[in-house]
Amino acid sequence: MSAVSRNLWARLWGALRSLSGDDRYERYLDHLRTHHPEVEPLTRARFYASELERRWDKDGPTRCC
């Protein structure tokens, strides 16, 4: 596979991960490093647990679908 093909696949894979939210933890870590370096990041497991809590608050889902 050529370097151009690998680069294209890497960019497509990155776009798919971003659209699906699969890279959310990495983006969270980048944000903390950039804007809040003094804050200790959550573990991956705690981050996803907090995301579930945020989406499914005490009143049920926060979106219609």
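Quick caveat: nothing in here was measured; it's all calculated off a predicted structure. (Residues numbered from 1 in each chain as written. Predicted model: local features only at pLDDT ≥ 70, side-chain atom pairs only at ≥ 80, totals over all residues. Heavy atoms only, no water.)

Enquirer: Can you walk me through the environment of L29 in this structure?
Expert: For L29, the position within the fold is in helix α2 (residues 24–35). Overall, the relative accessible area of 19% leaves L29 in the buried class. Between the C-alpha atoms of L29 and R44, which are 15 residues apart in sequence, the distance is 9.8 Å. (Helix = DSSP H or I, 4+ residues; strand = E, 2+ residues; numbered from the N terminus. Buried < 20%, exposed > 50% of the residue type's maximum accessible area, 1.4 Å probe, protein only.)

Enquirer: Before we go on, may I ask you to explain the nonpolar core in this structure?
Expert: In a soluble, globular protein the nonpolar side chains are often hidden away together inside. Residues Y25, Y28, L29, L32 and F47 constitute the largest nonpolar core, which totals 5 residues. Among residues more than four places away in sequence, those in contact with Y28 are P41, L42 and F47. (Core = buried A, V, L, I, M, F, W, Y, C linked by side-chain atoms within 4.5 Å. Contact = heavy atoms within 4.5 Å.)

Enquirer: Can you help me understand the pattern of salt bridges in this one?
Expert: It is possible for side chains bearing opposite charge to pair when their charged atoms get close. Considering all chains together, one arrives at 8 salt bridges under this definition. In this structure, E26 engages R17 in a salt bridge whose closest nitrogen and oxygen atoms are separated by 3.5 Å. By relative accessible area, E26 is classed as partly exposed at 28%. Residue R17 is classed as partly exposed on the basis of its relative accessible area of 22%. We note a salt bridge from D23 to R27, for which the minimum N-O separation is 3.1 Å. Residues joined in a network through salt bridges with shared partners are R17, D22, E26 and R44. (Salt bridge = Lys/Arg side-chain N within 4 Å of Asp/Glu carboxyl O.)

Enquirer: What should I look at first to understand the side chain of D23 in this one?
Expert: The topology assignment puts D23 in the loop between α1 (3–20) and α2. Residue classification places D23 among the buried positions, given a relative accessible area of 12%. Apart from the residues lying within four places of it in its own chain, the contact partners of D23 are R17 and S18.

Enquirer: Just to check I follow, could you spell out the confidence of the model for the protein for this structure?
Expert: In low-pLDDT regions, the fine details of the predicted coordinates are not to be read closely. Looking at the protein, pLDDT values average 86 and 88% of them are 70 or higher. Within the protein, the element-level pLDDT minimum falls on strand β2 (residues 60–61), averaging 60, and the maximum on α2, averaging 94. (pLDDT = per-residue confidence, 0-100.)

Enquirer: Help me out: how do you make sense of the packing of α2 against helix α3 (residues 44–55) in this one?
Expert: In a packed pair of helices, the relevant descriptors are the angle between the two axes and the axis-to-axis distance. Between α2 and α3, the shortest axis-to-axis distance is 11 Å and the interhelical angle comes to 105°. On the basis of the axis angle, α2 is roughly perpendicular to α3. Seen from α2, the contacting residues are R24, Y25, E26 and Y28; seen from α3, they are R44, F47, Y48, E51 and R55. When grouped by side-chain class, the residues that make up the contact of α2 with α3 number 4 nonpolar, no polar and 5 charged. (Axes fitted to C-alpha atoms, helices over the stretch in contact; angles between N-to-C directions. Parallel < 35°, antiparallel > 145°, perpendicular 65-115°, else oblique. Nonpolar A, V, L, I, M, F, W, Y, C, P; charged D, E, K, R; others polar.)

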